[in-house]
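Now for the letters of each chain:
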Amino acid sequence: MSGSDERDVTTSLFERLPEDPSAREELVRLFLPLAEYLARRFDRRGEPLDDLVQVASVGLLNAIDRFDLSREVQFSTFAAVTIVGELKRHFRDKGWAIRVPRRLQEVGLRVNAALPELTQELGRSPTIDELAARAEVSPEEVLDALEAVQAYSTTPLEAPVGEEGGAPIDALGSEDSSIEVLDEWASVAPALTSLTERERRVLHLRFFRGLTQSEIAEEIGVSQMHVSRILSQALRTLREQVGGDDAIPEAEPRGSRTER
Amino acid sequence: MTASRSGPITVSVPAREEFVHVLRAVAASVASRIPLSFEGIEDLRLAVDEACGRLLAKQGGSTTLTLSLRPSSDRLEAVVTVDALAGGERPPAGIEETLGWRLLTALVDSVTLDDGPSGPSIHLVKLASVPTS
């Protein structure tokens, strides 16, 4: 059916719609392929396709009910917008926007665990395919996780710390008001001056913003292995400065530590 | 990268489906700087995918698929082009009547088809969904 035929048929069906119930059925039949097509395009978000077709069909019915022939817009365009709106609302209602990052985080964690193992075994940095196989996810998911890290971590919530040369303790205090944490770190603060700026930054990201090593790696643009080395070195330096292990946490984020 | 001050960002890949993910990734990355919302980025990613699919489906003899992104403070313009081989097929009769085209109109704020001298292109505009201060 060419575009102009479709328009003619659709227009006459809408004209009959008020008194002829079969016109509505006919419209549904004509445009169901559109609803199915749109549902399929949203399919990769991990919902059963049948459910999505159902949601899209509801969108189509809404579009038929709301369409106004006097508008300049074609019904098919109006229907597509309504159906996509319904699909998106469905995902919003189901918390999709939260679930996707969560899935990507899972993938990220698995990849992060596989990375050092494989690097060790192979004596080189692994390929995406190798990582995917070890992490038991698809190469596409590994790439998606990498993409996501790039796409969603770029708007910092706060200005980056440690680049204006402010005193580290100022930075610590402004970032976290927890007295307990401050107390603990106050004893370490003098020793912080013996660290390099990069070490301070990594410590800050790890313990005060609670980022994982791989997130830090992404943020400062080095490998996760490198972050691990920076962390170890920084903590070793602090221990030497403070003269005991007691006040210095292990390379774990706060909250996951046990009582000292 | 300061989106509003940069020129167009252009990426070319072989005109085959398995390279489309590269363009999707670049589009999503640039879109995050506009700023587009999470949902807006997904819309654009899907729209770029669909636009590439439309053009690839029609252009059997093409060699290169190009995405050009022009970010500004309130919008992102994305142009997907396939080069038509010299004297090759002319595009997409009826592309604007396809189901995929309907999807494009639903995902972005403006979509147009151009039949330029170097090959057909689909021009997408997505407006920033987060108010700029």
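Quick notes on the rules
- Counting restarts for each chain, with residues numbered from 1 along the sequence as it is written.
- Whichever chain is written first is A, and whichever ligand is written first is 1; the rest continue in order.
- Where local features are concerned, this predicted model is filtered to residues with pLDDT of at least 70; where side-chain atom pairs are given and counted, the filter is 80 or more; whole-chain, interface and lining totals use all residues.
- Secondary structure elements are defined from DSSP: runs of H or I of at least 4 residues count as helices, runs of E of at least 2 residues count as strands, and each element is numbered from the N terminus.
- Any residue pair is listed as a contact if its two C-beta atoms, each placed from the backbone, are within 7 Å.
- Counting other C-beta atoms within 10 Å of each residue's C-beta, where C-beta atoms are placed from the backbone, gives the exposure class: buried for 20 or more, exposed for 12 or fewer, partly exposed between.
- What counts as an axis is a line fitted to C-alpha atoms, over the stretch in contact for a helix, and the angles between N-to-C directions run from 0 to 180 degrees.
- These descriptions rest on fixed angle ranges, namely under 35 degrees for roughly parallel, over 145 for roughly antiparallel, 65 to 115 for roughly perpendicular, and the rest for oblique.
- Note on convention: near helix rotated counterclockwise from far helix by under a right angle means a left-handed crossing. Clockwise means right-handed.
- The nonpolar class holds Ala, Val, Leu, Ile, Met, Phe, Trp, Tyr, Cys and Pro. Asp, Glu, Lys and Arg form the charged class, and all remaining residues, Gly among them, are polar.
- Confidence scores per residue from the predictor, reported as pLDDT, run from 0 to 100.
- Paired strands are those between which DSSP finds at least two bridges.
- Put simply, a nonpolar core is a cluster of buried Ala, Val, Leu, Ile, Met, Phe, Trp, Tyr and Cys residues tied together by C-beta atoms within 7 Å.
- Expected helix span is computed as 1.5 Å times (number of residues minus one).

> Describe the overall build of chain B, listing the residues and the values that go with them.
A count of helical and extended segments in chain B gives 3 helices and 5 strands. When contacts within chain B are restricted to residue pairs at least 6 apart in sequence, long-range pairs at least 24 apart make up 68% of them.

> Got a sec to walk through the overall build of chain A? Specific residues and values, please.
Each helix and strand counted, chain A has 13 helices and 0 strands in total. Its helices and strands in sequence order give chain A the pattern α-α-α-α-α-α-α-α-α-α-α-α-α, from N to C terminus. Counting over 260 residues, chain A shows a buried share of 26%. Pairs at least 24 apart in sequence give 55% of the contacts found in chain A among residues at least 6 apart.

> Which residues make up the packing of helix α2 (residues 21–41) of chain A against helix α4 (residues 75–93) of chain A, and what values go with them?
Residues and elements named next belong to chain A. One way to put it is that α2 packs onto α4 with a least axis distance of 10 Å and a crossing angle of 40°. What the angle tells us is that α2 and α4 run oblique. Remark: the crossing between α2 and α4 carries right-handed chirality. On α4, the residues touching Phe 31, Leu 34, Ala 35, Leu 38 and Ala 39 of α2 are Ser 76, Ala 79, Ala 80, Ile 83, Val 84 and Leu 87. For the contact of α2 with α4, the per-class residue count stands at 10 nonpolar, 1 polar and no charged.

> With reference to specific residues and values, describe the confidence of the model for chain A.
Any region with low pLDDT has predicted coordinates that should not be read closely. Residue and element names in this part refer to chain A. Residues with a pLDDT of 70 or more make up 69% of chain A, whose mean pLDDT is 74. Here residues 150–184 is modelled with pLDDT under 50, and outside its nearest four sequence neighbours on either side it reaches 34 contacts, counting other chains as well. This stretch, residues 252–260, has a pLDDT under 50; its non-local contacts, to residues over four places away or in other chains, come to 8 contacts.

> Describe the interface of chain A and chain B, naming the residues involved and giving the relevant values.
Taken residue by residue, the interface counts 20 residues in chain A and 20 residues in chain B. Mapped onto the side of chain A that touches chain B, the elements with two or more residues apiece are α2, α4 and α7 (139–152) of chain A. Per-element tally for the side of chain A that touches chain B: the top contributor is α4 of chain A, with 6 residues. Split into classes, the residues belonging to the side of chain A that touches chain B amount to 11 nonpolar, 6 polar and 3 charged.

> Can you tell me about the sheet that holds strand β3 (residues 75–82) of chain B, naming the residues and giving the values?
Residues and elements named next belong to chain B. Taken together, the 5 strands give an open sheet; going across it, the order is β1-β2-β3-β5-β4, and neighbouring strands pair in antiparallel fashion. Looking along the sheet, the strands with just one partner apiece sit at the ends: β1 (9–14) and β4 (110–116). Strand-to-strand, the axes of this sheet are offset by a mean angle of 15°, without reference to chain direction. Across 7 bridges, β4 lies against strand β5 (residues 119–127) in antiparallel orientation.

> An account of the environment of Val 108 of chain B is needed here, citing residue identities and associated values.
Residue and element names in this part refer to chain B. Mapped onto the fold, Val 108 is located in the loop between α3 (99–107) and β4. Note: C-alpha distance between Val 108 and Leu 127 (19 residues apart in sequence) is 7.8 Å. In this structure Val 108 touches Asp 43, Leu 44, Ala 47, Leu 124, Val 125 and Lys 126, once residues within four positions along its chain are discounted.

> So what's going on with the packing of α2 of chain A against α3 of chain B? Which residues, and what values?
Where α2 of chain A contacts α3 of chain B, the two axes come as close as 10 Å, and the packing angle between them is 65°. In this structure, α2 of chain A crosses over α3 of chain B, and the sense of that crossing is right-handed. Contacts from Pro 33, Leu 34, Tyr 37, Leu 38 and Arg 41 of chain A of α2 of chain A reach α3 of chain B at Leu 99, Arg 102 and Leu 103 of chain B. Taken together, the residues of the contact of α2 of chain A with α3 of chain B sort by class into 6 nonpolar, no polar and 2 charged.

> Which residues make up the nonpolar core, and what values do they have?
Core analysis: the largest hydrophobic core is formed by 56 residues, its most contacted members being Leu 38, Ile 83 and Leu 87 of chain A together with Ala 27, Leu 44, Val 48 and Ala 78 of chain B. Once you skip the residues sitting within four places of it in the chain, Val 48 of chain B turns out to touch Leu 23, Arg 24, Ala 27, Leu 67, Ala 78 and Val 80 of chain B. Core analysis: the next-biggest nonpolar cluster, separate from the first, contains 13 residues, Ile 216, Val 227, Ile 230 and Leu 238 of chain A among them.

> With reference to specific residues and values, describe helix α1 (residues 20–31) of chain B.
All names here are of chain B. Between its terminal C-alpha atoms α1 stretches 16 Å, which fits the 16 Å expected from 12 residues at 1.5 Å a residue. Counting buried positions along α1 gives 9 out of 12 residues, so the element sits mostly inside the fold. Among all positions of α1, only Val 20, Leu 23, Arg 24, Ala 25, Val 26, Ala 27, Ala 28, Val 30 and Ala 31 are buried.

> Just give me the short version of the environment of Ser 125 of chain A, but keep the residues and values in it.
Residue and element names in this part refer to chain A. Take Ser 125: it is sitting in the loop between α5 (96–122) and α6 (128–135). Judged by the 12 C-beta atoms lying within 10 Å of it, Ser 125 falls in the exposed class. Sequence-wise, Ser 125 and Leu 115 are 10 residues apart; in three dimensions their C-alpha atoms are separated by 7.9 Å.

> Tell me about unusual backbone geometry, and name the residues and values.
Most peptide bonds are trans, and most residues other than glycine sit at a negative phi. Of note in the backbone geometry, Glu 136 of chain A takes a positive phi value of approximately 55° without being a glycine. Inspection of the secondary structure assignment puts Glu 136 of chain A in the loop between α6 and α7.

> Can you tell me about the pairing of β5 of chain B, naming the residues and giving the values?
Bridge count for β3 of chain B against β5 of chain B is 7 bridges, and the pairing is antiparallel. Note that in β5 of chain B the partner of Ala 78 of chain B across the bridge is Leu 124 of chain B.

> Give me α3 of chain B: which residues, what numbers.
Summarising burial for α3 of chain B: 7 of the 9 residues are buried, a large majority. For α3 of chain B, the set of buried residues is Trp 101, Arg 102, Leu 103, Leu 104, Thr 105, Ala 106 and Leu 107 of chain B.

> Which residues make up the environment of Glu 141 of chain A, and what values go with them?
Mapped onto the elements of the fold, Glu 141 of chain A is located in helix α7. Along the primary structure Glu 141 of chain A and Leu 104 of chain A are separated by 37 residues, whereas in three dimensions their C-alpha atoms are 7.7 Å apart.

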